[in-house]
Amino acid sequence: MNRYEDERRSKLEQRTQLTAQLEATQEDEQATDEWLAVIRDYAQLEELDRPTLLRLVKRIEVGEKYEIAGETHRDIKIYYNFVGYVEL
């Protein structure tokens, strides 16, 4: 009887974890769909203005300068609303 009760608890815990993962995946999918809808609105954008930037971008991280083969470089990461950082 104890073995069956332990198995039941284990299965219940596994179900709870899988349900949480499913909900997180669905939230990510919804956020991605919202981001794509916003991006479609700006597909033909020719000039970036402040309101558009605020709607699309959550934050921009600018790294320290460094040199490679005599050329100055700097890492820049753009975190978009809804989807976060997208590595290109």
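Residues numbered from 1 in each chain as written. Predicted model: local features only at pLDDT ≥ 70, side-chain atom pairs only at ≥ 80, totals over all residues. Heavy atoms only, no water.

Side note on the environment of Thr72
- Along the chain, the position of Thr72 falls in strand S2 (residues 71-80).
- On the basis of relative accessibility, which here comes to 52%, the residue Thr72 falls in the exposed class. (Helix = DSSP H or I, 4+ residues; strand = E, 2+ residues; numbered from the N terminus. Buried < 20%, exposed > 50% of the residue type's maximum accessible area, 1.4 Å probe, protein only.)

Points about the pairing of strand S1 (residues 57-68)
- Across nine bridges, S1 lies against S2 in antiparallel orientation. Counted as the bridge partner of Val62 is Ile76 from S2. (Pairing = 2+ DSSP bridges.)

Section: the pairing of S2
- Hairpin connection from S1 to S2: two residues lie between these consecutive antiparallel strands, with Ala69 at a positive phi of about 55°.
- Linking two consecutive strands that pair antiparallel, namely S2 and strand S3 (residues 84-85), is a turn of three residues; a positive phi of about 80° is found at Phe82 within it.

Things to note about the sheet that holds S2
- Taken in spatial order, the three strands line up as S1-S2-S3 in an open sheet, and their pairing is antiparallel. For this open sheet the edge positions go to S1 and S3, each flanked by a neighbour on one side alone.

Structural notes on helix H1 (residues 2-41)
- Here H1 spans 59 Å end to end across 40 residues, near enough to the 58 Å set by a 1.5 Å rise per residue.
- For H1, the full list of buried residues reads Ala31, Trp35 and Val38.
- Contacts from the buried residues of H1 go to helix H2 (50-56) and S2. (Expected span 1.5 Å × (residues − 1). Contact = heavy atoms within 4.5 Å.)

Quick word on the confidence of the model for the protein chain
- Of the residues in the protein chain, 100% reach a pLDDT of 70 or more, and the chain-wide mean stands at 89.
- Here S3 stands out as the element of the protein chain with the lowest mean pLDDT, 84, in contrast to S1, whose mean of 94 is the highest. (pLDDT = per-residue confidence, 0-100.)

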